[in-house]
Amino acid sequence: MTSPAIAVTELTKRFGSRTVVDRVSITVQPGEIVGFLGPNGSGKTTTIRMMCGLLTPDAGSGRVLGHDILRNQSAIKREVGYMTQRFSFYEDLTIAENLSFVAGVYGLPADAVSETLEDLGLTSRRAQLAGSLSGGWKQRLALAACIMHRPKLLMLDEPTAGVDPKARREFWDEIHARAATGLTVLVSTHYMDEAERCHRINYISYGKLISQGTVAEVIAAAGLVTVILRGGRTAEAQERLTGQPGVDQVAHWGSDLHVIGRDGPALRRAATAVAIATGARVIEAETSLEDVFIQLMGASTDNMP
Amino acid sequence: MTNFLSLRRLLTIIRKEAVQMRRDRITFAMMLGVPLMQLLLFGFAINNDPKGLPAALVAPAQDRYSRALVSALELTGYYRFTHPQVTAAEGERLIATGQVSFVVTVPSDFGRKVMRGEHPQILIEADATDPAVASGAIGTLGTVAAQALLRESGTEAEAEASAAQKLDVVVHRRYNPEGITQYNIVPGLLGVILQMTMVMMTAMALTREIERGTMENLLSMPVTPIEVMLGKVLPFFVVGAVQVMVVLTAAKTIFGVPFVGSLWLLMLGVLVFVMALVVLGYVFSTLARTQMQAMQLTFFYFLPSILLSGFMFPFRGMPTWAQWIGETLPLTHFLRLIRGVMLKGATLADIAQPLLTLTGFAVFFSLLALSRFRQTLD
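Residues numbered from 1 in each chain as written. Chains lettered and ligands numbered in written order. Predicted model: local features only at pLDDT ≥ 70, side-chain atom pairs only at ≥ 80, totals over all residues.

Going by an unreviewed UniProt entry, chain B carries the name ABC-2 type transport system permease protein and comes from Rhodobacter viridis. For the record of chain B, the UniProt heading Subcellular location (unreviewed entry) holds the text "Cell membrane". (UniProt positions renumbered as here; feature names shortened; annotations may be inferred.)

As recorded by an unreviewed UniProt entry, chain A carries the name ABC-2 type transport system ATP-binding protein and is attributed to Rhodobacter viridis.

Here it is, written out as structure tokens:
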């Protein structure tokens, strides 16, 4: 199968006069883990809903798993696993009851439930009400339920919000294991470490797709220079640096000060001058994905009317 | 077929709804407790005295005496002759179907008997399934009729005057000879109770999913609108069956309401009525966005249906505009049906009209609900 798992072009969605998603085009190859990033309210969820047949785009077109997103939403629903941002299984049903509901709806064989319980290590908790589970277990249940029917494409909307680091790690291991068997995954997040676990990322802000590619490509495309001021009076240095020509971001990292900007020479001039004044050393550093996102976020806010 | 309605998916939804229903203990208790409580409260509390009730006149000889009687009866305010000239058979049909509350029969030899000073008789048949209808109207009869004849006598004088005094008004309280209010109220209560629980519970069906955030998940799965609708309303047929048993048992043991008709016929009527109700509730849940709104819609519907359906006040005693509103309420038709079957021993042919109307409601509401249901979150 060489055709892309997701190929949508110019997706647009308006709620009233507000354009929530503005001409977003995304292509995802089979077997890829693709990150979908952006600040809160940037249109990630709306875009995902349009791609899994839950919302009808106002403009644009595309195919998901070869099915037209405008005309064949029911076929998409059968073959896609969608994990909602908010836990949306039945809290007044037990784990096993929730899973057998899903099994029944997708027409899965009777032993699918016990297999899934076994697979995810949920067997001992099968009779527990879903509402009484902790965040990590709820997430496991939701994941179990949405991969139960063996979808070819998984769409996860901020799956790890409110989940502890260990559970997050396990979750990502699970996702990578599934991707290795050919499952395509689109996952939205605003955790940078999670974005770095993806093969490719798409950054969306205020409904517009701003950057896409591998992590390295996105960082390179931003064209940012980062220097670190180490030692000296960092608080004073921050104050002096803020607003200087060439300096776009100044951020504390422990006792270090990260200074980031698009104009390399101007940035280094300002940083060196302040370093001398505050008694700090200037160290060249690599720009992180987070720095890029903060930069992109600031830039797109400026574009807003 | 599997694209629109899969039995497996339908059963899956039904099972899920049943488990959720059982887990919600307070609601579950309410569904069983409310019928009993209402039955006892309303059953013992309600009584009334209506006027302007429709009547039919069977008077083969349309002479001045019968006309005098008719106008005198109308003057009491209790009677309104909507069918002034019918045959005995038509009169029988009118009262059986509930279109009139009284049939007044003036025999063809009435005028002759008046002139000869013999014992003239008139027959008043009252539909006493609602005793309130009958009691006031019947109470005034004797004197009214006698005075009517006295005024009419004029020249023929003596003979007629004595005839007036000898006038014999024969009253038949049909279907409920003792005029017991509970006979009317209790079967009606079955309708009210069913309506209350069925509409309210199903009105929550979709709004609950939306409020709990589970709707997004449900919609992302391959379920069809008709499966969701049936899956959500069918479990309530079981609840309805339990309520029917509770009310009918109480009707028999506590209030001693007679059951002269066919139980199967009544069950058929209840089935169609419940179908119309649960789908109506489901329509509400497609209109409302929150459970609170669903509740408000339900109550907005309850009030007119209790007041204008003929449950509280005799249907035929209401002004015409109110009767028109009443006709649009499923409860109105169910009341005709259940009172017909339980108290009058109506046959399938007798209740065909309300039965068909209720079926029409069920079909109409289903189509409305399905057209309102969105498979996306748009």
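From this point, the narrative continues.
*Asks:* What should I look at first to understand the overall build of chain B in this one?
*Replies:* For chain B, the count of helices and strands is 18 helices and 5 strands. Burial status across chain B gives 46% buried among its 378 residues. Taking the contacts inside chain B whose residues are at least 6 apart along the sequence as the reference set, 80% of them involve residues at least 24 apart. (Helix = DSSP H or I, 4+ residues; strand = E, 2+ residues; numbered from the N terminus. Buried ≥ 20, exposed ≤ 12 C-beta atoms within 10 Å, placed from the backbone. Contact = placed C-beta atoms within 7 Å.)

*Asks:* Help me understand the domain arrangement of chain A, please; the structure alone is not making it clear to me.
*Replies:* Quoted interface sizes are often the accessible area lost when the parts come together. Partitioning chain A into structural domains gives domain 1 (6-219) and domain 2 (225-286). Between domain 1 of chain A and domain 2 of chain A, the C-alpha centre-to-centre distance is 39 Å. (Domains from an automatic or database assignment.)

*Asks:* Whenever I open this one, the packing of helix α14 (residues 263-287) of chain B against helix α15 (residues 291-307) of chain B confuses me. Can you help?
*Replies:* Angle between the axes and distance between the axes: these two values describe a pair of packed helices. Residues and elements named next belong to chain B. The interhelical angle for the contact between α14 and α15, taken along N-to-C directions, is 135 degrees, at an axis separation of 9 Å. The orientation of α14 with respect to α15, classified from their angle, is oblique. The way α14 lies across α15 gives a crossing that is right-handed. Listed contacts from α15 to Phe 284, Ser 285 and Leu 287 of α14 are Ala 294, Leu 297 and Thr 298. Class assignment for the residues of the contact of α14 with α15 results in 4 nonpolar, 2 polar and no charged. (Axes fitted to C-alpha atoms, helices over the stretch in contact; angles between N-to-C directions. Parallel < 35°, antiparallel > 145°, perpendicular 65-115°, else oblique. Left-handed = near helix turned anticlockwise from the far one by under 90°. Nonpolar A, V, L, I, M, F, W, Y, C, P; charged D, E, K, R; others polar.)

*Asks:* Help me understand the UniProt feature "domain: ABC transporter" (unreviewed entry) in chain A in this model?
*Replies:* Per the UniProt record, "domain: ABC transporter" (unreviewed entry) is annotated on residues 6-231 of chain A. The span residues 6-231 of chain A is 34% helix and 30% strand, and its two end C-alpha atoms sit 49 Å from each other.

*Asks:* Quick question: what am I supposed to make of the confidence of the model for chain B here?
*Replies:* Note: predicted coordinates in regions of low pLDDT should not be interpreted at a detailed level. With 89% of its residues at a pLDDT of at least 70, chain B reaches an overall mean of 82. Here the predicted complex scores 0.76 on pTM and 0.83 on ipTM. (pLDDT = per-residue confidence, 0-100.)

*Asks:* What exactly am I supposed to notice about the pairing of strand β13 (residues 256-261) of chain A here?
*Replies:* Within a regular beta strand, the side chains point alternately toward one face of the sheet and then the other, so they alternate between its two faces. Residues and elements named next belong to chain A. Across 6 bridges, the pairing between strand β11 (residues 225-230) and β13 is antiparallel. Residue pairing for β13: Leu 229 is matched across the bridge by Leu 257. Pairing geometry for strand β12 (residues 249-253) and β13, over 5 bridges, is antiparallel. What sits directly across from Gln 249, in β13, is Ile 260. Taking the residues that link successive antiparallel strands as the turn, the β12-β13 hairpin has 2 residues, and the phi of Gly 254 there is positive, at about 60 degrees. (Pairing = 2+ DSSP bridges.)

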